[in-house]
Amino acid sequence: MVVEDNIDLRDNLALQLELIGYEVVQAEDGQHALDVLEASEQPPDIILSDIAMPHIDGFQLLEQLRDNPAWQAIPFLFLTAYNSPDYVQHSEELQADGFILKPVKPDDLIMAIESKLDGT
Amino acid sequence: MSDHDISVLLVEDNSGDARLIELMLHESAATQYKVTVAASLTEGKAVLESDGVDVVLLDLSLPDSHGLQTIDGMLDSGFYGPVIVLTGLADESVGLEAVAKGAQDYLVKGQVDGNLLDRVIRYAIERKHTEQSLRESEARFRSLTENSPAGIYIARDGVFMHVNPALARMFAYTQDEMIGKLVIDVVHPDDRGMVEENIRRRISGETDTVHYVLRGLRKDCSVFEAEVLGGTIIQEGKRTIVGTLLDITERKQVEEELQNERNLLRTVIDNIPDYIFVKDTQGKLILVNQAVANDVAAKNPDEVIGKSDFDFLPRELSEQYYTGEQELMRTGQPRINITEEIILAHNQTSRWVLSTKVPLQNNEGKTIGLVGINRDITEVKQAQELVARQYRDLKILNEVISLSSLTLDVMGVLDIVCFELAAALEARRVTAALKDEQQDVFRVALESDNPANPFRVGSLLMSMDDPAHAYLVSYSIPLIIDETNQDQYPQIELVRAEGVNTIMLVPLKIRGEIYSILCLEYDEPHQFTEAELNFAVSIVQAISPSVENSLLHQRLTEQNLHLNDLVAERTAQLERANDRLATILNNTSDAILLLGANNRIRNANRSFDELFGYDQDALFDQPFGVLVEEDERDKLLLALQTAHESQQPQRLGLPLLHKNGQAFEAEIAIASVSDNKGHVVVSIRDITHLKEVERIKDRFVSMVSHELRTPITSVLLGSDTLVKYYDRLSDEKKREKLAQISKQAENLADLVTAILDISRLDARQGSRSEELVDVAQALEEVRTNLSGQAQAKHHDLRVQVFNGNMQVLGEHADIVRIWNNLVNNASKYTDDGGTINIALYGGRTPSQADYRVPNLTDFAGNLPDDFASGKYVIGIVEDNGRGIPPEDLPELFTRFFRGGAAGTNIPGTGLGLSLVRELLQLYDGDIIVSTEFGVGTTFCFWLPAHRHKGDNP
């Protein structure tokens, strides 16, 4: 699942992941992501989410996932433009599985996703 | 005798006799009789009880009583009228006996005819009446004498015949014991001759009454005084004496006491030194004491009686007293202790008295005169005046000493003395002469006098070899020169002013040498009292220390002048050094505080006052803590304590409170002063600006993160996908991706341009281009560039240009940038199909029509005062887009601020509006906004229209 408010980035992420062979679900913000999760029969294998988004941001999204037994085990990677120590700390507190800083080279991004999937 | 019928009770058992008598009574022509007949004593008594019987005719021989028993029985009945007994011829002696028993008369039956009977009855009634009166009179007399408090007696032949109880009580005998006693036995032996003589005079008929006092002798031989009023009566043909007697012992005692008191009072009055007098209502003296008599040179008080004030006092004074006393007697208001001066006419002496006058009233409260008491207080008065004079002298002395000790100027001291001496000794003028050291003479240096009487200041008074000088040196006391001795002092005569008669010269000596001579002048011959001489000497002596001090001071002053110059130079140097320090403190931009014990503020520099908004010294002695929010105080106190203990400077950042209650970020440096007084120097720097810069920097980073990193990531991914999977992508997809990448690169280029623009603006540091720019032309360029974008979003872009002077001073690119950013914003934040209105007014006064579209009135009150004057070129960009939330308005024009837009898809840098405003302000214009969230936004900006030379202002 890709959660990103910037439509161009989200589109590009989805396109490349699909071309690699993933099945990609898109959400434009945290609330949308929760709605999509509710609606789908099978939870995604991994979630890649922006932090700064309207309505429900990435932190709030992760928090809700961790509180829900059905979703708490889904590996969760942040992909964010903000490099502040506060953000890093907060994401660690929420036990995010990764913190990837924009801009990221596409190969590195794919590698990070695959390493998390291999671990499960 | 009354004329009514006489009611007769006839008690007669013999009806024949009764009939006969009845007939006789009825025959009487003179009197009408009403006869009731009773046949027995019992029957007769019964009649008496019921009937008003005037007379009873009583036969002694009755069936139920006989003889004299009958008269007794009748008299017992209580009948008060006359009873006439009827007897038989043989019983005439019984008739007499009956009369003796109480019958009024008796008649012998058979010897009676009508006339006799009538006369006897009438006489009997008459006699009985007289008898009754006598008896009542007797009873009254007896009652009087028995109850009288006065002693009453009757004496004949020197023996008491009758005494009343009061008399007996006086002499302590019983009445019985006294009756028959010789009168002279109850008289004190010494008075017996007088009493016998008084009795004799009355018995002999020489006099009828006597009035005298005797000493009575009681049964117990005690003596009392009695007053006797004696008279004479003839009793049984003999002259008998009667009298009343009063015990006057008590009255005598009271009279004696009164007399004693009167004597005592008189003695007191005659012997006290106060003048005591009593006047009648006309002011005539009716009583005076010996003191008054002595005062008016009379032999004794009696000589003064009957005279008045007019005989002793001057007429005017007497009249004044008379008026006052009349007023006093009229009102009844006493005058107590009034101080008055009395002048006696006979020797013209004056005396002061304390006068008290009190109205005198009789028992009925009527004023009958006045009592006066004058106390001579002449001596007291003189003593008081003496004391007052001495007090005044002392006061002047004290004044002179205190005034002269206040001044260190010799002339000032002398001036004070001259002034005071002239006033106190009533001199026409007082002058002070000073020794002229060069010429060995005294010259008048100053004077104190009447300005109308000018004097020659500086004239020669005397030389050192003058006899007057010699006198003053020898005796050290004032020298008085008048007509009697002026020949001895010829020099003085020369310099004396016209008309001056007497002068007094007083030497002022310092350490045995005459330093000054004071000269008092009088126009009239003047006798000085000892007190005046003493006063002059003491005054002059009193000031000599002051004069000496003044002289010393004068010398010291001269000597110290040089020293003073040196001190002044040194002081100036120190002050300059201090000034330098103060200048540094007051001109440093940091606020600097000096704290004393307990961290209280002792001193603050100007920057402190400016930074915190307080007036100078307003916080003096306030604790430093008042400048800090309460929950931050502990941090501050800890730092202060640490600075004290470690003697190491401490630094900390805290929000501090401005006077208006607003907190600002401050950097505080604390350094302990090593002066053992616990002083601490605190330096405070406002770092609000630094914080603000930091905040802007953070925003910039955040903006760059989001607005740069995300598109770049997207571009990287998109291009990577194109490269890696080129063959697997459809042509359409390839074109889409390439267009997307191109657009993102464009946005990135815009962003970089905006950042460069703002950096360029900063680099210019306020310098501006002065080229002429046509605002309408700039708008036209922007419109062309943007119309594509507007078309893409199907915006209705309307542009209205109201012609006028469109020239402003600035740089063309800047004006384009302003338009571009505003219109671009409108387009970005307005949904597809929205409307964007652009209006431009040249430099002319907007007409009413101009206000209609777009609506300028929204900005009323926020525009410059002369907005409508035509001095401005005004641009308006209005959209019906999403509007701006109210909370974003305050920072709308702040760099990198995006507010609510930060969380949207709309790309932006937070620089556009800030750049617009900064550019407008650079060219003396500005921008304001009117917006409603969800409805639309209108921006209105203005720039000063350029005035060509020759334009009307």
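### Topic: the packing of aromatic side chains
Taken as a whole and judged by the stated rule, the model has 13 aromatic pairs over all chains. Taking 5.3 Å as the distance between ring centres and 70° as the angle between the ring planes, the aromatic pair formed by A:Phe59 and A:Phe78 counts as edge-to-face. Here A:Phe59 is found in helix H3 (residues 58–67), whereas its partner A:Phe78 is found in strand S4 (residues 76–80), with 19 residues between them in sequence. The same class applies to A:Phe59 as to A:Phe78, namely buried. Feature note: the residues A:Phe59, A:Phe76, A:Phe78 and A:Tyr87 constitute an aromatic cluster, connected by ring pairs. The residue whose ring lies beneath B:Lys357 is B:Tyr321, and the NZ or CZ to ring-centre distance is 4.4 Å.

### Digging into the packing of helix H1 (residues 15–27) of chain B against helix H5 (residues 114–147) of chain B
Residue and element names in this part refer to chain B. With their axes 8 Å apart at the nearest point, H1 and H5 run at an angle of 80° to one another. Taken together, the axes of H1 and H5 lie roughly perpendicular to each other. Every residue of H5 that contacts H1 at Ile21, Met24 and Leu25 is listed here: Gly114, Leu117 and Ile121.

### Some points on the sheet that holds strand S15 (residues 367–376) of chain B
Residues and elements named next belong to chain B. What the five strands build is an open sheet, ordered S12-S11-S15-S14-S13; its pairing is antiparallel. Strands with a single pairing partner mark the edges of an open sheet, and in this sheet they are strand S12 (285–288) and strand S13 (335–343). The sheet shows a mean angle of 30° between the axes of neighbouring strands, direction not considered. Two strands pair when backbone bridges link them, and strand S14 (residues 350–361) and S15 are joined in this way by nine bridges, in the antiparallel orientation. Considered in S15, the bridge of glutamine 361 is made with threonine 367. Helix H12 (residues 315–331) rests against strand S11 (275–280), S13, S14 and S15 of the sheet, and its axis sits at about 165° to S13.

### Points about the nonpolar core
All names here are of chain B. Of all hydrophobic cores here, the largest spans 42 residues; its most connected members are Ile815, Ile818, Trp819, Leu822, Val877, Ile927 and Phe939. Of all elements in the fold, only helix H21 (731–764), helix H22 (775–792), helix H23 (812–828), strand S30 (835–841), strand S31 (872–879), helix H24 (912–922) and strand S33 (936–944) reach the threshold of two or more residues within this core. Per-element accounting of this core gives the leading share, seven residues, to H23. Apart from the residues within four sequence positions on either side, leucine 822 is in contact with Val877, Leu913, Val916, Ile927, Phe939 and Phe941. Ranked by size, the runner-up nonpolar core spans 35 residues in total, among them Ile416, Met504, Leu518 and Ala542.

### Considerations on the pattern of salt bridges
Residue and element names in this part refer to chain B. Here the structure, examined in full by the defined rule, presents 50 salt bridges over all chains. Note that arginine 760 is salt-bridged to aspartate 814, the shortest N-O span being 3.9 Å. With arginine 760 in helix H21 and aspartate 814 in helix H23, this residue pair connects regions lying 54 residues apart in the sequence. It is possible to trace a salt-bridge network through shared partners that takes in Glu12, Asp17, Asp59 and Lys109.

### Things to note about the interface of chain B and chain A
If you look at the interface, chain B gives 25 residues, while chain A gives 23 residues. Here chain B and chain A share an interface that buries about 2300 Å² over both sides, 55% of which is from carbon and sulfur atoms. One can count three salt bridges joining chain B with chain A. Across the pair B:Lys743 and A:Asp8 runs a salt bridge, and its minimum N-O distance is 3.8 Å. Counting across the chain B and chain A interface gives 14 residue pairs in polar contact (both at pLDDT 80 or more). Secondary structure elements with two or more residues in the side of chain B that touches chain A: helix H20 (688–724) and H21 of chain B. Considering each element in turn, the side of chain B that touches chain A owes the most residues, 14 residues, to H20(B). Tallied by class, the residues present in the side of chain B that touches chain A amount to five nonpolar, twelve polar and eight charged.

### Observations concerning empty space enclosed by the protein
Residues and elements named next belong to chain B. For the coordinates displayed, the defined rule picks out four cavities of 30 Å³ or more. A volume near 260 Å³ is recorded for the largest cavity. Secondary structure elements with two or more residues in the lining of the largest cavity: S11, helix H10 (290–295), H12, S13 and S14. In this structure, the second largest cavity encloses a volume near 110 Å³. What lines the second largest cavity is a set of 14 residues, and nearest its centre among them are Tyr153, Phe160, Val183, Leu214 and Leu245. For the lining of the second largest cavity, the elements supplying multiple residues, two or more each, are helix H8 (192–203), strand S8 (210–217) and strand S10 (238–247). The element contributing the most residues to the lining of the second largest cavity is H8, with three residues. Residue composition of the lining of the second largest cavity, grouped by class: 13 nonpolar, no polar and one charged.

### A short note on unusual backbone geometry
At the junction of A:Lys102 and A:Pro103, the peptide bond is cis and its omega measures out at -10° in the coordinates. Inspection of the secondary structure puts A:Pro103 in the loop between strand S5 (98–101) and helix H5 (106–119). Even without being a glycine, B:Asp157 presents a positive backbone phi close to 55°. Looking at the element boundaries, B:Asp157 is found in the loop between strand S6 (151–156) and strand S7 (159–163). Classification of B:Asp157 as exposed rests on a relative accessible area of 61%. You will see that B:Ala172, though not glycine, has its phi angle at about 65°, which is positive. Note that B:Ala172 resides in the loop between helix H6 (165–171) and helix H7 (175–178).

### Some points on the confidence of the model for chain B
Low pLDDT means the predicted coordinates in that region are not meant to be read closely. Residue and element names in this part refer to chain B. Per-residue pLDDT for chain B has a mean of 82; in total, 93% of the residues score no lower than 70. Predicted confidence for residues 450–457 stays below pLDDT 50, and this span has 16 contacts to residues more than four positions away or in other chains. The ipTM assigned to the predicted complex is 0.90, against a pTM of 0.38.

### Side note on helix H17 (residues 530–587) of chain B
Taking 1.5 Å of rise per residue, 58 residues should cover 86 Å, yet H17(B) covers just 75 Å from first to last C-alpha, more than 12% shy of that figure. At B:Leu561, H17(B) shows its largest bend, some 45°.

### As for the layout of surface pockets
Residues and elements named next belong to chain A. There is about 440 Å³ of room inside the second largest pocket. If you trace the second largest pocket, you find 18 residues lining it, with Met1, Glu23, Val25, Pro44 and Asp45 closest to the centre. A breakdown of the residues in the lining of the second largest pocket according to their chemical character gives 14 nonpolar, two polar and two charged.

### Points about the pairing of strand S24 (residues 650–657) of chain B
In the case of a regular strand, side chains alternate between the two sheet surfaces. Residues and elements named next belong to chain B. Of all eight residues that make up S24, six are buried, and the element is covered over most of its length. Where S24 and strand S25 (residues 663–672) come together, eight bridges link them in antiparallel fashion. Looking at the pairing, arginine 651 lines up with alanine 669 of S25. Between S24 and S25, which pair antiparallel one after the other, the connecting turn spans five residues, and glycine 661 there sits at a positive phi close to 90°.

### Things to note about the environment of B:Ile480
All names here are of chain B. Turning to its location among the elements, isoleucine 480 is positioned in strand S19 (residues 479–481). Residues isoleucine 480 and isoleucine 503, spaced 23 residues apart in sequence, show a C-alpha to C-alpha distance of 5.8 Å. Setting aside residues no more than four positions away along its own chain, isoleucine 480 makes contact with Asn485, Thr502, Ile503, Met504, Phe528 and Leu533.

### A few points about the side chain of B:Glu12
Turning to its location among the elements, B:Glu12 is positioned in the loop between strand S1 (6–11) and H1. Residues in contact with B:Glu12, not counting those within four places in the same chain, are B:Asp17, B:Ala18, B:Val37, B:Ala38, B:Ala39, B:Asp59, B:Leu62, B:Leu86 and B:Lys109.

Cut-offs used in this document
- Residues numbered from 1 in each chain as written.
- Chains lettered and ligands numbered in written order.
- Predicted model: local features only at pLDDT ≥ 70, side-chain atom pairs only at ≥ 80, totals over all residues.
- Heavy atoms only, no water.
- Phe/Tyr/Trp six-rings, centres within 6.5 Å; stacked < 30°, edge-to-face > 60°.
- Helix = DSSP H or I, 4+ residues; strand = E, 2+ residues; numbered from the N terminus.
- Buried < 20%, exposed > 50% of the residue type's maximum accessible area, 1.4 Å probe, protein only.
- Lys NZ or Arg CZ within 6 Å of the ring centre and 35° of its normal.
- Axes fitted to C-alpha atoms, helices over the stretch in contact; angles between N-to-C directions.
- Parallel < 35°, antiparallel > 145°, perpendicular 65-115°, else oblique.
- Contact = heavy atoms within 4.5 Å.
- Pairing = 2+ DSSP bridges.
- Core = buried A, V, L, I, M, F, W, Y, C linked by side-chain atoms within 4.5 Å.
- Salt bridge = Lys/Arg side-chain N within 4 Å of Asp/Glu carboxyl O.
- Buried area = accessible area lost by both parts, 1.4 Å probe.
- Polar contact = N/O pair within 3.5 Å; in protein donor to acceptor, adjacent residues only side chain to side chain.
- Nonpolar A, V, L, I, M, F, W, Y, C, P; charged D, E, K, R; others polar.
- 1 Å grid on protein atoms, 1.4 Å probe; cavity = no way out; pocket = protein on both sides within 12 Å on 5 of 7 lines; lining within 4 Å.
- Points joined across faces, edges and corners; volume = space filled by probe spheres on them.
- pLDDT = per-residue confidence, 0-100.
- Expected span 1.5 Å × (residues − 1).
- Bend = angle between axes of the 7 residues up to and from the residue.

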